[in-house]
Amino acid sequence: MARNLWIGKPGLLREIDQAARNWDRTAELNVTEFKSLEGRVTTVAPARTIRRLKLSWESLAPGDAQHLSRLARRVNGPGVQGSSLTSYGPLAVLDPASVNLLDPYQAAAQSSEPGGSDHWFTVTGTMVVSPSVNDTVVADFQDTTRIGWRHGVWTGWPVTPGMQVSWLVPTDWDPALAVAQLDWKAADGSYLSTTAVNGASITGTAPAGAAFVTPVGGPGAAGLRGLAGACLTIGESPVAHALGEGCPAMSVTAYSDVPSARLPYRSVSVDLVEVHGAEL
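Residues numbered from 1 in each chain as written. Predicted model: local features only at pLDDT ≥ 70, side-chain atom pairs only at ≥ 80, totals over all residues. Heavy atoms only, no water.

### Looking at the packing of aromatic side chains
- For the structure shown, the criterion picks out three aromatic pairs.
- Between phenylalanine 141 and tryptophan 173, the aromatic rings sit 5.7 Å apart at their centres with planes inclined by 80°, giving edge-to-face as the arrangement. Taken together, the residues phenylalanine 141 in strand β11 (residues 136-141) and tryptophan 173 in the loop between β14 (164-168) and β15 (179-185) connect sequence positions 32 residues apart. Grouping residues by exposure puts phenylalanine 141 and tryptophan 173 together as buried.
- Consider the rings of tryptophan 149 and tryptophan 167, whose centres lie 4.8 Å apart with planes at 70°: the pair is edge-to-face. (Phe/Tyr/Trp six-rings, centres within 6.5 Å; stacked < 30°, edge-to-face > 60°. Helix = DSSP H or I, 4+ residues; strand = E, 2+ residues; numbered from the N terminus. Buried < 20%, exposed > 50% of the residue type's maximum accessible area, 1.4 Å probe, protein only.)

See the structure below:
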């Protein structure tokens, strides 16, 4: 991944190049324990875990501090990143420690929908998702089929022009036949352009106006193919079967802003939680 943090509304991301003094990215497990009179313990937990981030900086540059303040205080009007655009809803956070930006269950090819519609959609041809094999999704493809990976909230994964995005298709696909593709989209979701190669992996640079990227691929042969092992990353080579840590939509739940002894620098901290939507 890119080693700096990117944060902001989609299409209005800002790079925070100063390393955070404190950084906690622990997932929230929400495990509840029940202890019987005999001393036996039973646990109950939701099917999914959510991500939380806690970040703090000392003597943060004024521009970065103002950007975080806007996000925390929900100041969404013109002027964000020097743009006349307004943007509402949850934040995009490109975590520099994430190796794979796919959803964790998506990367592992584990779907909660019978047809896999929570994670994949058909671009061309047909794909019929079969019952899971060894807890992973297998799909029946035509030789011309191409499928796209679906972000849970946005029309794609947030990017900014100039970013280098790398994409690796599932490991069950034959590299000699497979097609790897990146579809670039504007902030309103409209299609801009495509970068594609014949092969298992591709690296492309986000063009001017790009706010999202959708990874697309096709196995290039008819028959059953697995969907596990894909990887989407920024600034580094993708790694097969890397844990999907996602690029979840997030909301700020806590914020502090303390003037530094070296004005106009400020010491800032933000707490964020993964959400599926945010009325901001």
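Still more ground to cover, so stick around.
### Points about the environment of proline 114
- Relative to the helices and strands, proline 114 is located in the loop between α2 (104-107) and β9 (120-124).
- Looking at proline 114, the relative accessible area reads 74%, which means it is exposed.
- Put simply, proline 114 and serine 56 are 58 residues apart on the chain and 42 Å apart in space, counted from C-alpha to C-alpha.

### A word on the pairing of strand β12 (residues 146-149)
- The sheet contact formed by β9 and β12 spans four bridges and is antiparallel. Bridge pairing in β12 places tryptophan 120 opposite tryptophan 149.
- Alignment of β12 against strand β18 (residues 212-218), held across two bridges, turns out to be antiparallel. Across the sheet, the residue bridging to isoleucine 147 is glycine 217, located in β18. (Pairing = 2+ DSSP bridges.)

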